[in-house]
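# Chains, contacts and geometry: an overview
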Amino acid sequence: MSDQENYMLKINNLRTSFFTPVGEVKALNNVTFAMKEGDVLGIVGESGSGKSVTSYSLLGLLAYPGKIVGGTIRFNGHEIEKKTEAEMRKIRGDEVSIIFQDPMTSLNPVYTVGNQIVEVIRLHTDKDAAAAQARAKELLELVGINEAEKRLKQYPHELSGGMRQRVMIAIALACEPKLLIADEPTTALDVTIQAQILELMIELKNKLGMSIIMITHDLGIVSNMCEKIAVMYAGKILEYGTVDEIFYTPRHEYTKGLLRSIPNLMDREHKKLVPIEGTPVDMLKPPKGCPFAPRCESCMRICLEHMPEVVHFSDTHYSACWLNQKDEWTKESVEA
Amino acid sequence: MGKYILKRIAMGLTTIFIVITLTFFLMNLIPGGPFMAEKAISAQAQAAMNEKYGLDKPLPVQYKNYLVNLTKGDLGVSVKQRGRDINGIITSKFPVSARLGGASILMALIVGIPLGSIAAINRGKLADNIIIVIATFGIAVPSFVLCTLLMYIFGVKLNLFPTYGLGSLKHYVLPVFALAFYPTAYIARLMRSSMLDVLGQDYIRTAKAKGLSTFVLLFKHALRNAILPVVTYLGPLLAYTLTGSFVVEKIFTIPGLGSEFIGSISGRDYPLIMGTTIFLATLIVTMNVLVDIAYKLIDPRIKLQ
């Protein structure tokens, strides 16, 4: 690919494992994707699919006993997988930052909001105390908090959940990061606040021009916010494509299953939602073939034996499913 | 805040009053009296002594007299240490105990907090295991064993430190160490578990995501949240160092309040029992109010009402 240099983030065959007392849990298996500047990527998948581990690997935030065991992460000119913890500290919060799921517990209860914003500004810029304070006020106004001056002096427990998430966003944006990772930023908020926060994020993205990785299990959020979607399952990206490609021409049975399980307000009759039967795979003993095979309605013999190759349908759309390679596997099995 | 403190003072006075009443009647329930010694004094002499100190009157009258004197700030006269008033005994002995106890509390905090934090950060690793072993040792070994060991090793064998009295700074080393060992171990354990809890909190992850150094992470973000249980322990700790110093004071021959306190009970020195008990109760009640105020200063979520 000639435009390789244009990618702001390029993750190649990333493998991350957790070395637990009962064995190695392969949380990420050859995750590969790339993002250009200003891209908004949604990573969807159920709990334990490796969405968060992907972003933590990128941030160098993997908690013990997690470790990157293979692959490369190129971000903004850095070779992340080779960085030491001290080098990562300079990147984290400055070039890439993250918003977490639960704003109620993500701010330190014993320090004022202002203190927690100013802290990150002073860490990564050479602004003095007064300038950092002014910048903090500016940030609060940017994220739509009124009476910013007063809020700076307040403690987290004096603010509502939505307001705290805005503060988290202000902290994340404090040093104008290239990439903002939003790890289920609205899961803990009620629906009206959710909408406000998402709107704010789109607005800020347009204003500041950063890229966003949106981690969620809510396909509705993804369809509204993102340009591209990565569907993850058992530490693998099973399908990747633009929003239209994923929603209108899903090429993986798991994606289809996810789409079937979304309620639709426009349905005339009361249709029952279709769940995906079964439970997620045991990551200690991942299956030999496609990880989704045991739950897949169209599972074939080969699915249980071999992991399918990635097949490209367009420049942006690819998936790993044997159904897309029918010709090949029939040929193979005939030969065998 | 002002209103809260007034309320706490009123509550404290009530507590102290209850302590006075209970102590007064309980100590009179113990068989024996101040003038029963191995060398029996004649019944006549005993009666005379009882009369002199007002011990011949019915209990309720004694109780009333005691309270009346107490409101004047008079704790009475010792019946065993002839001619010494309780106020005098406390004012002369307490500074000794306070220096010893204060140094011990300080050492317990200065050593215990970092020790517990280090253990938490290195959870499951060698440093953690070593600290746990030391802490368990500190909690399990009785102070008289420790005192004797310290004396034998550092006083007699190595001849590094003096083994009795409080003449110089050097004199403080062994008794302070002996007295501080248990609270140090206790604080280390408290700190370890609360630090582990705090380190797992979301806001620590946020702090990490900001790119803060481990030092700032621990000392700014974690410590202030993790230290609350230790602050709570300060009240009981004060009581321990002042009364628990009895053994240490005895072994190292230190003229402190701890030995007076314990000695007064075995000697049935009623006014001294009352005086030391009231004094310690007041100290602990005051300490608890201070702890509450410290709480408010550390954690803004806490409302004092």
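Residues numbered from 1 in each chain as written. Chains lettered and ligands numbered in written order. Predicted model: local features only at pLDDT ≥ 70, side-chain atom pairs only at ≥ 80, totals over all residues. Heavy atoms only, no water.

### A closer look at the overall build of chain A
Helices and strands together make up the secondary structure of chain A, namely 13 helices and 12 strands. A compact globule built from 336 residues would reach a C-alpha radius of gyration of about 20 Å, and chain A, at 21 Å, matches this within 12%. Evaluated residue by residue, chain A yields a buried proportion of 52% over its 336 residues. Long-range contacts, defined as pairs at least 24 residues apart, comprise 63% of the intrachain contacts of chain A with a sequence gap of at least 6. Element-wise, carbon and sulfur atoms account for 51% of the exposed surface of chain A, whose accessible area totals about 16,200 Å². (Helix = DSSP H or I, 4+ residues; strand = E, 2+ residues; numbered from the N terminus. Rg over C-alpha atoms; globule rule 2.2 N^0.38 Å. Buried < 20%, exposed > 50% of the residue type's maximum accessible area, 1.4 Å probe, protein only. Contact = heavy atoms within 4.5 Å. Areas by Shrake-Rupley, 256 points an atom, 1.4 Å probe, with all protein chains shown as cover.)

### Description of the packing of aromatic side chains
Residues and elements named next belong to chain B. This structure, assessed with the given rule, holds 15 aromatic pairs over all chains. Where Phe24 meets Tyr63, the ring centres are 5.4 Å apart and the plane angle is 55°; that geometry is what we call tilted. A residue pair is termed long-range when its members are at least 10 positions apart, and Phe24 in helix 1 (residues 2–29) and Tyr63 in helix 3 (residues 59–71) qualify at 39 residues. The residues Phe24 and Tyr63 share a single accessibility class, namely buried. Centre to centre, the rings of Phe94 and Phe279 are 4.8 Å apart; their planes meet at 75°, and the pair counts as edge-to-face. One end of the pair, Phe94, is in helix 4 (residues 86–121); the other, Phe279, is in helix 13 (residues 270–298), and 185 residues separate them in sequence. Residue classification places Phe279 among the partly exposed positions, given a relative accessible area of 21%. Three or more aromatic residues joined by ring pairs make a cluster, and in this case those are Phe24, Phe25, Tyr63 and Tyr66. (Phe/Tyr/Trp six-rings, centres within 6.5 Å; stacked < 30°, edge-to-face > 60°.)

### Considering a nonpolar patch on the surface
A contiguous nonpolar surface patch, about 720 Å² in accessible area, is contributed by B:Phe144, B:Val145, B:Leu149, B:Tyr152, B:Ile153, B:Val156, B:Leu158 and B:Leu160. Within the fold, B:Tyr152 resides in helix 6 (residues 143–157). (Patch = residues over 30% accessible without salt bridge, like charges linked within 9 Å, V, L, I, M, F, W, Y side chains within 5 Å. Salt bridge = Lys/Arg side-chain N within 4 Å of Asp/Glu carboxyl O.)

### Re the domain arrangement of chain B
All names here are of chain B. Assigned domains within chain B: domain 1 (2–71) and domain 2 (86–298). Taken together, the 20 residues of domain 1 in the interface contact 16 residues of domain 2. A combined buried area of about 1,600 Å² lies between domain 1 and domain 2, and 76% of that area is made up of carbon and sulfur atoms. Joining domain 1 to domain 2, the criterion identifies 1 salt bridge. A salt bridge links Arg8 to Asp292, with the nearest nitrogen and oxygen atoms 2.1 Å apart. (Domains from an automatic or database assignment. Buried area = accessible area lost by both parts, 1.4 Å probe.)

### Looking at the sheet that holds strand 2 (residues 23–36) of chain A
What the 4 strands build is an open sheet, ordered 2-1-4-5 (chain A); its pairing is antiparallel. Every interior strand has two partners, whereas the edge strands, strand 2 and strand 5 (78–79) of chain A, have only one. (Pairing = 2+ DSSP bridges.)

### A closer look at the state of the cysteines
For the coordinates displayed, the defined rule picks out 0 disulfides over all chains. With no disulfide partner, A:Cys296 has as its closest neighbouring cysteine sulfur the one in A:Cys299, 6.0 Å distant. (Disulfide = S-S within 2.5 Å.)

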